[in-house]
Amino acid sequence: MSDAPKLVVGTAGHIDHGKSRLVWVLTGTDPDRLPEEKVRGMTIDLGFAHGQFDGCDISFVDVPGHERFIRNMVAGATGIDVAVLVVAADDSVMPQTREHAEVLSLLGVERCIVALSKMDLVDDEWADAVEDEVRGLLTGFGIQPLCCVRTSAEDGRGVEELRGVLARLAREQSRQAEPYRWFCLPIDRSFVIPGRGTVVTGSVAHGTVSREDELELWPTAERVRVRDLQSHHDARDSAAGRRRLALNLAGVSREDVARGYTLATPGYLEPARFLDVRLATLRMPGKTRKDVLRLRLHIATSEVLAELRLADKPESETVSGVFAQVKTAEPIVATWGQRFILRDESGMRTLGGGRVLRPVGRLWTARRPIQRQGLQALFEGQPAARLEEVIRAAEWQPLDDKRLSVRAGLRDEQEAAEMCRRLMGAGKIRVIEAASLRLCVHNSHLQALSEDLQRRLKEFIAANPRLPGLARAQAPAWMPGACPPRLRQALAEWWVSHGPVTLEHDHLVPAGKRQELPQVDQALLNAMLNEFDAGAFQPPLIAELKCRTPKNEKRIRELIELSMAQGKLVRFAPDMWLHERRWKELVERVTGAIRERGGITVADIRTLLNSSRKYVVPIVEALDAAGITRRVGDLRQLGPKAQAGA
Ligand SMILES: Nc1nc2c(ncn2[C@@H]2O[C@H](COP(=O)(O)OP(=O)(O)OP(=O)(O)O)[C@@H](O)[C@H]2O)c(=O)[nH]1
Ligand SMILES: [Mg+2]
């Protein structure tokens, strides 16, 4: 099939008003395909047809008018570009004319054509009155009809005019940009073609798909492969933009897919059970006192039982322009800004509808209450404000650019990445990165975290006066539990470099605050260091320290840790330390001797240091480990870290 301008047209209107007949005369295809439909003379499920009008490909989704099948109507109306509201001129506005008009309005189908059908049964004067009534009805729902075409399936009047109008709309639409670049197809039919396998059809919401593409099937998140694709029985290698499409899928059986599932480019959609929404309107007859309303959510082609909680107590039985949370009985996928319909639990009446603000929300609780300001930003904010709110709401959860774009309603990941850079430049967010994980975090969270850490650090230091501060290696464990472990290290490094903290000897202390040792500890520390200095290369073991008493051994150990952190003691083996001055001296003596003699033995080193084997063997091992010496046979030579001339 050509890349001619395209349009997906949906019918709407009361039962028996002539929707299917009109599609038939427009396209030559009877959209009522089920035997039961033929027998009963009414549409039950969605019907499909297409025509080529004036070089444009026009697809039709024909919906049932019967009140019992509104769910099918909603599924069909979801993917359409233009609606043709069919009103029988001899019957005028009827209950489902009204209900369908409301559904169109709630789904945001702004382009609507009125077809006054069965014109062969009425005169013009009568038709004028009907047209007025229909226009009035639509205006009440905020829809300005594009035109009103008077038709008859009996004598063919108006049919050519309608084709012309649809072709013109297709041409206009082909000049408009798509909202999103990634591919998304809400499935409205699935069946098996013997020998070919599972086929699904739907109206493409947006994006391009090609043969052999891998897609995600939601809400199960299965990966499937596109074996073949067809648009109106024409096999294609790829298809772009809004149109009717049939995909032959590999990797999925007929039982695993049904109306209500969604196919999408991998990586964009996420399943969720909580959605924050803005209700355009909701009628709650007799139920205003209830905290939670049980109802049915219709979104794209799917339908799930759900509970609805309003952000504020309603003041009347009909509310409009309010925030609410929807909890679905099963996980669903949604995008920012997506429209939905709410119907009562038994599926008898349409109660209202609205738009999704947070496609992946979290249950409103006392601890995590409604973020009204955030919802307001998502509702009426510019894309950058929406993205900022999405990042703020995600807290410590890493979201890649694809998911950010879906949650904030941005065209694609490039736009999300570009906008993230701008938010970073404006100091609103910061990016914390580690091992292929990236966390965009709002500065308000970092600020709050930093304050909290500062408080904890002060408490920690007050409680541990003999510690040199918080060991840097301990800092990741202080990071928020909600932050993925892989990122805690990077987040801790951010704190070390950006928080009001000072790093002293690899320990963190609040900036500007020196750790002060109590006087008794200071005296003990001095005595201990003197002993280490005096011990030279046969330093005291803990048990031998004269300043040690059974009561202060724990303190001595803590003071040794502190001294090491401050660089005053050097550990060369477990529970063996040298005074820092002695260590330097040792390095000088050993490297000096090696330079003089070319290589020395352990025994030489023992003589050089006037020490015993007990110390010399671990000392030599420590020198090797530090790279100051290296072993060659029985000799020690200069290691890679031995400083020239040292
Ligand atoms: N005289 C006359 N009869 C029509 C016209 N269009 C449809 N009809 C008749 O009206 C009846 C209903 O037509 P359909 O096209 O099935 O109506 P529908 O709106 O699709 O009905 P549902 O799908 O059940 O909601 C049929 O008997 C048609 O033959 C028309 O323009 N003139
Ligand atoms: Mg019909």
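These numbers come from a predicted model, not from an experiment.

Quick look at the overall build of the protein chain now. When you go through the protein chain residue by residue, the secondary structure sums to 17 helices and 31 strands. Since a compact globule built from 646 residues should have a radius of gyration of about 26 Å, the 37 Å found for the protein chain marks it as more spread out than a globular shape. For the protein chain, the spread of C-alpha atoms along the three principal axes comes to 125 × 55 × 40 Å. Burial status across the protein chain gives 43% buried among its 646 residues. For the protein chain, the share of sequence-separated contacts (at least 6 apart) that also reach a separation of at least 24 residues comes to 66%.

Bringing the domain arrangement of the protein chain into the picture now. According to the domain assignment, the protein chain contains domain 1 (6-174), domain 2 (184-264), domain 3 (272-370), domain 4 (374-426), domain 5 (444-510) and domain 6 (519-644). For domain 3 and domain 5, the distance between their C-alpha centres works out to 41 Å.

A word on the environment of R289. Note on placement: R289 falls in the loop between strand 16 (271-283) and strand 17 (292-299). Sequence separation of R289 and E317 is 28 residues, and the distance between their C-alpha atoms is 9.6 Å.

All right, on to the site of ligand 1 then. Around ligand 1, the surrounding shell holds 21 residues, and the nearest of these are G18, S20, M42, T43 and G65. Of the residues forming the shell around ligand 1, the biggest block, three residues, is contributed by helix 1 (residues 19-27).

Summing up the model confidence of the protein chain, the mean pLDDT is 92 and the portion of residues at 70 or higher is 99%. Confidence scores differ between elements of the protein chain, with strand 26 (residues 501-504) showing the lowest mean pLDDT of 84 and strand 5 (residues 112-117) the highest of 98.

By the element assignment, L22 lies in helix 1. For the pair formed by L22 and V159, sequence separation is 137 residues and the distance between their alpha carbons is 8.1 Å. Not counting the four nearest positions on each side in its chain, L22 is found in contact with V86, A115, S117, T151 and A153.

Let us now look at the sheet that holds strand 4 (residues 82-88). Strand order in this open sheet of six strands is 2-3-1-4-5-6, and the pairing throughout is mixed. Edge positions in the sheet fall to strand 2 (47-53) and strand 6 (147-150), since each has one partner strand and no second. Strand-to-strand twist in this sheet, taken as the mean axis angle between neighbours without regard to direction, amounts to 25°. Contacts from helix 1 reach strand 1 (6-12), strand 2, strand 3 (56-62), strand 4 and strand 5, with the element oriented near 35° to strand 2.

Our next topic: the sheet that holds strand 27 (residues 507-510). Within the open sheet, the three strands sit side by side as 25-27-26. Their pairing is antiparallel. Of all the strands in the sheet, the pair left with one neighbour each is strand 25 (470-471) and strand 26. The pairing of strand 25 with strand 27 spans two bridges and is antiparallel. Residue pairing for strand 27: L470 is matched across the bridge by L508.

What follows covers the packing of helix 7 (residues 372-380) against helix 8 (residues 383-394). Contact geometry of helix 7 with helix 8 gives a least axis separation of 8 Å together with a crossing angle of 145°. Regarding helix 7 and helix 8, the two cross each other, and that crossing is left-handed. Packed against helix 7, whose contacting residues are G374, A377 and L378, the element helix 8 presents A385, R386, E389, R392 and A393 at the interface. Broken down by class, the residue content of the contact of helix 7 with helix 8 amounts to four nonpolar, one polar and three charged.

Within strand 5, five of the six residues are buried, which leaves the element mostly enclosed by the surrounding structure. The pairing of strand 4 with strand 5 spans six bridges and is classified as parallel. What sits directly across from A83, in strand 5, is C112. Read as a crossover between parallel neighbours, the route from strand 4 over helix 4 (residues 95-106) to strand 5 is right-handed. Direction of pairing for strand 5 relative to strand 6: parallel, over a ladder of four bridges. Following the sheet pairing, V114 is matched in strand 6 by C148. The handedness of the strand 5 to strand 6 crossover, carried by helix 5 (residues 124-140), is right-handed.

Time to look at unusual backbone geometry. The amide bond that connects W218 to the next residue, P219, takes the cis arrangement and shows omega of 10°. Of note, P219 is situated in the loop between strand 10 (214-218) and strand 11 (222-231). Positive phi values are uncommon outside glycine, yet E212 reaches one of about 75°. In this structure, E212 sits in the loop between strand 9 (208-210) and strand 10. Non-glycine residue A536 carries a positive phi angle of around 50°. Here A536 is to be found in the loop between helix 13 (519-535) and helix 14 (553-565). Judged by local crowding, A536 falls into the partly exposed class, with 17 C-beta atoms found within 10 Å.

The next point concerns helix 4. Across its twelve residues, helix 4 extends 17 Å between first and last C-alpha, which sits within 8% of the 16 Å expected from 1.5 Å per residue. By the criterion of burial, helix 4 is predominantly enclosed, with ten of the twelve residues buried. Those residues of helix 4 not exposed but buried are Q96, T97, E99, H100, A101, E102, V103, L104, S105 and L106. Two residues or fewer after helix 4 comes G108, characterised by a positive phi angle close to 75°.

This part is about the nonpolar core. Of all hydrophobic cores here, the largest spans 151 residues; its most connected members are A77, A83, L85 and L104. Here the element with the most residues in this core is strand 4; it accounts for seven residues. Leave out the neighbours within four places in its chain, and L104 touches A12, A77, A83, V109, C112 and I143. By size, the runner-up hydrophobic cluster in this structure holds 28 residues, among which are F532, W583, I600 and L623.

This paragraph deals with helix 3 (residues 70-77). Across the eight residues that make up helix 3, a large majority, seven, are buried. Restricting attention to buried positions, one finds in helix 3 the residues I70, N72, M73, V74, A75, G76 and A77.

Turning our attention to the packing of helix 8 against helix 10 (residues 413-425). Across the interface, helix 8 lies against helix 10 with an axial gap of 10 Å and an inter-helix angle of 80°. Of the possible angle classes, the one that applies to helix 8 and helix 10 is roughly perpendicular. Mapping the contact onto sequence places P383, A384, L387 and E388 in helix 8 and A416, M419, R422 and L423 in helix 10. Classifying every residue of the contact of helix 8 with helix 10 by side-chain character gives six nonpolar, no polar and two charged.

This brings us to the environment of W583. With respect to the helices and strands, W583 occurs in helix 15 (residues 580-597). Separated by 13 residues in sequence, W583 and V570 place their C-alpha atoms 7.0 Å apart. Setting aside its immediate chain neighbours within four residues, W583 contacts V570 and L578.

Analysis parameters
Residues numbered from 1 in each chain as written. Chains lettered and ligands numbered in written order. Predicted model: local features only at pLDDT ≥ 70, side-chain atom pairs only at ≥ 80, totals over all residues. Helix = DSSP H or I, 4+ residues; strand = E, 2+ residues; numbered from the N terminus. Rg over C-alpha atoms; globule rule 2.2 N^0.38 Å. Buried ≥ 20, exposed ≤ 12 C-beta atoms within 10 Å, placed from the backbone. Contact = placed C-beta atoms within 7 Å. Domains from an automatic or database assignment. Near = placed C-beta within 6 Å. pLDDT = per-residue confidence, 0-100. Pairing = 2+ DSSP bridges. Axes fitted to C-alpha atoms, helices over the stretch in contact; angles between N-to-C directions. Left-handed = near helix turned anticlockwise from the far one by under 90°. Nonpolar A, V, L, I, M, F, W, Y, C, P; charged D, E, K, R; others polar. Right-handed = clockwise from strand over helix to strand, strands pointing away. Expected span 1.5 Å × (residues − 1). Core = buried A, V, L, I, M, F, W, Y, C linked by C-beta atoms within 7 Å. Parallel < 35°, antiparallel > 145°, perpendicular 65-115°, else oblique.

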